[in-house]
Amino acid sequence: MLDILKKTLKTGCQTTKYPDVPDVAPEGFRGMPQLLSDKCTFCGECVKVCPPGVITIAEKSHEKTLALSYCGCIFCGRCEEVCQSDAVKLTQEYELASLAKEDLITIIRRKL
Amino acid sequence: MTVEDEIEIMGQRLNDKIRKIYGRSLHIREVDAGSCNACEVEVNSLSNPIYDIERFGLHIVASPRHADMLLVTGPVTRNMELALLKTYNATPAPKLVAAMGSCACNGGIFGDTYASMGGVDKIIPVDVYIPGCPPRPQAVIFGLMVAIGKLEQKISKTEVKS
Ligand code: SF4
Ligand code: SF4
Ligand code: SF4
């Protein structure tokens, strides 16, 4: 009995303080992919490899668009792996919950 | 003011009321609609001593009849389609639905195939989307807090021109 009490006191409180205290994801955690609009060459490699197909590329007469939806993204990191120009990076951000699907879309555009 | 506007305002008021009702405690029924079980493992860890969601008044319950919220995982396989619909109908109103994991949000890695619906929102209305494959327990806690209006959503649609 006394041993158990000693152990308990030694261990202390293990419950996380999240969400009162922000919790940073560990090193190497694959979170929200971020598109860097100034580096992207719109080559379309990431569109080809994305397993669930959440990255789409579109070309209209005067502009190119690359859209990525976090809704459906499995955070595999394939896009980061194949991108030659380091235009897509996975961040440590994981607080992605949203009330609408549209909020999870990120788009980059470039005029031709 | 058109009829649509009025409906929207009414919906907004109802939402505010729901938030008020759920402000203190929430009973959650977890529905596995064909997930790979990684999401379930994260749900299990929500009630362990480390994440302990009971400290927020969130309880996982054993029946949809006791629940205020359905926490749905998986892309909704054809075999689970009817079961999910029945579970939704068995939950007393007002009810919330949270789509947990990329599968539940949009089909994820399983997608929209002959065997799966590709997302919970194809069958029942979803109130909060929690992306992740699987989402960290912290991400799920954040999602539940967003659903009941205790925390603000952090992400919004972004468009960058260059
Ligand atoms: S993000 Fe990288 S791989 Fe994808 S289109 Fe842009 S340059 Fe190509
Ligand atoms: S992390 Fe994987 S699933 Fe997400 S956008 Fe990149 S390739 Fe697609
Ligand atoms: S979102 Fe990922 S972890 Fe969750 S059920 Fe689907 S495949 Fe499994």
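Below is a summary of the structure that appears in this document. Counting restarts for each chain: residues are numbered from 1 in the order of the written sequence. Written order determines the labels here, with chains lettered from A and ligands numbered from 1. Local features in a predicted model are, by the rule used here, given only for residues with pLDDT of at least 70; side-chain atom pairs are given and counted only at 80 or more, and totals for whole chains, interfaces and linings are based on all residues. Computation of side-chain values covers all heavy atoms of the structure but excludes hydrogens and water.

**Things to note about the overall build of chain A**
Phase 1 of the analysis: Only DSSP runs of H or I with at least four residues qualify as helices, and only runs of E with at least two residues qualify as strands; both kinds are numbered from the N terminus onward. Scanning chain A from N- to C-terminus turns up three helices and five strands.
Phase 2 of the analysis: Counting helices and strands in the order they occur from the N terminus, chain A gives α-β-α-β-β-α-β-β.
Phase 3 of the analysis: As a reference, a globule follows 2.2 Å times the number of residues to the power 0.38, and the radius of gyration itself is taken over C-alpha atoms. The C-alpha radius of gyration computed for chain A amounts to 20 Å, which surpasses the reference 13 Å derived for 112 residues by more than 25%, pointing to a less compact arrangement than a globule.
Phase 4 of the analysis: Its C-alpha atoms give chain A principal-axis dimensions of roughly 75 × 30 × 25 Å.
Phase 5 of the analysis: Residues classed as buried in chain A amount to 40% of the 112 residues present.
Phase 6 of the analysis: Counting contacts in chain A only where the partners sit at least 6 residues apart, residues at least 24 apart contribute 71% of the total.
Phase 7 of the analysis: Methods summary: accessible areas were calculated by the Shrake-Rupley approach with a probe of 1.4 Å, and residue burial reflects only the protein chains presented. Of the accessible surface of chain A, which amounts to about 6700 Å², a share of 55% is contributed by carbon and sulfur atoms.
Phase 8 of the analysis: In this charge count, Lys and Arg are treated as positive and Asp and Glu as negative; neither His nor the chain ends contribute. The location of each charge is read from NZ of Lys, CZ of Arg, CG of Asp or CD of Glu. For chain A, the distance from the average position of its 15 positive side-chain charges to the average position of its 15 negative side-chain charges is 3 Å. Note on classification: 1.4 Å probe, protein chains only; a residue is buried when its accessible area is under 20% of the maximum for its type, exposed when over 50%, partly exposed between these limits. Any two residues having at least one pair of non-hydrogen atoms within 4.5 Å are treated as being in contact.

**Thoughts on the interface of chain A and chain B**
Phase 1 of the analysis: In this complex, chain A contributes 39 residues to the contact, which on the side of chain B involves 38 residues.
Phase 2 of the analysis: Take the accessible area each of two parts loses on contact, using a 1.4 Å probe, and add the two losses: that sum is the buried area. Where chain A abuts chain B, roughly 3400 Å² becomes buried across the two surfaces, and 58% of that area is made up of carbon and sulfur atoms.
Phase 3 of the analysis: Of all residues in chain A, the largest losses of buried area upon contact with chain B belong to Ala97, Leu99 and Arg109 of chain A, amounting jointly to 19% of the total for that side.
Phase 4 of the analysis: In the sections that follow, a salt bridge refers to a side-chain nitrogen of Lys or Arg positioned within 4 Å of a carboxyl oxygen of Asp or Glu. Put simply, chain A and chain B have four salt bridges between them.
Phase 5 of the analysis: Gly is put with the polar residues, along with every residue not named as nonpolar or charged; the nonpolar set is Ala, Val, Leu, Ile, Met, Phe, Trp, Tyr, Cys and Pro, and the charged set is Asp, Glu, Lys and Arg. Among the residues making up the side of chain A that touches chain B, the classes are represented as 23 nonpolar, seven polar and nine charged.
Phase 6 of the analysis: The pairing criterion is simple: DSSP has to find at least two bridges between the two strands. In this structure, strand β5 (residues 105-111) of chain A lies alongside strand β6 (residues 158-161) of chain B, joined through four bridges in parallel fashion. Paired with Arg109 of chain A across the strands is Lys161 of chain B, a residue of β6 of chain B.

**Focus on the state of the cysteines**
As used here, a disulfide is simply a covalent bond connecting the sulfur atoms of two cysteines.
Phase 1 of the analysis: Only a pair of cysteine sulfur atoms within 2.5 Å qualifies as a disulfide here. Counted under the stated rule, the structure contains zero disulfides over all chains.
Phase 2 of the analysis: Distance from the sulfur of Cys105 of chain B, which forms no disulfide, to the nearest cysteine sulfur (Cys71 of chain A) is 4.2 Å.
Phase 3 of the analysis: Judged by its relative accessible area of 0%, Cys105 of chain B is buried.

**Some words on the site of ligand 1**
Phase 1 of the analysis: The near set for a molecule or strand comprises every residue that places at least one heavy atom within 4 Å of it. Surrounding ligand 1, one finds Cys40, Thr41, Phe42, Cys43, Gly44, Glu45, Cys46, Cys83, Ser85, Ala87 and Val88 of chain A.
Phase 2 of the analysis: In the shell around ligand 1, the residues fall into seven nonpolar, three polar and one charged.

**Some points on a negative patch on the surface**
Phase 1 of the analysis: A cluster of like negative charges, contributed by Glu4, Asp5, Glu6 and Glu8 of chain B, occupies part of the molecular surface.
Phase 2 of the analysis: Along the chain, the position of Glu4 of chain B falls in helix α1 (residues 3-22). Like-charged residues within 9 Å of one another, or nonpolar side chains (Val, Leu, Ile, Met, Phe, Trp, Tyr) within 5 Å, are grouped into patches, provided each residue has over 30% relative accessible area and no salt bridge.

**Observations concerning the nonpolar core**
Phase 1 of the analysis: Ile55 and Leu66 of chain A together with Val72 and Val120 of chain B are the most contacted members of the largest nonpolar core, which totals 39 residues.
Phase 2 of the analysis: Counting residues per element, the ones that place at least two in this core are β3 (63-69) and β4 (88-90) of chain A together with β3 (69-73), α3 (78-90), β4 (96-100) and α4 (101-106) of chain B.
Phase 3 of the analysis: In these notes, a set of buried Ala, Val, Leu, Ile, Met, Phe, Trp, Tyr and Cys residues joined through side-chain atoms within 4.5 Å is what counts as a nonpolar core. Formed by 29 residues, the second largest nonpolar core is a distinct cluster that contains Ala25 and Tyr94 of chain A together with Phe56 and Val146 of chain B.

**Overview of the pairing of strand β2 (residues 55-59) of chain A**
Residue and element names in this part refer to chain A.
Phase 1 of the analysis: Sheet topology note: the β2/β3 ladder contains five bridges and is antiparallel. Pairing of Ile57 across the sheet is with Leu66, part of β3.
Phase 2 of the analysis: Here β2 folds back onto β3, and the loop between the two strands holds three residues.

**Here we look at the sheet that holds β2 of chain A**
Pairing between the strands of a sheet is mediated by backbone hydrogen bonds and can be parallel or antiparallel.
Phase 1 of the analysis: Read across the open sheet, the four strands follow the order β2(A)-β3(A)-β5(A)-β6(B); overall the sheet is mixed. The open sheet has two edge strands, β2 of chain A together with β6 of chain B, and neither has a second partner. Direction aside, the axes of adjacent strands within the sheet are offset by 15° on average. Every axis in this analysis is a line fitted to C-alpha atoms, fitted for helices over the stretch in contact. Angles between the N-to-C directions lie between 0 and 180 degrees.

Such coordinate-based values are descriptive only and should not be taken to indicate function.
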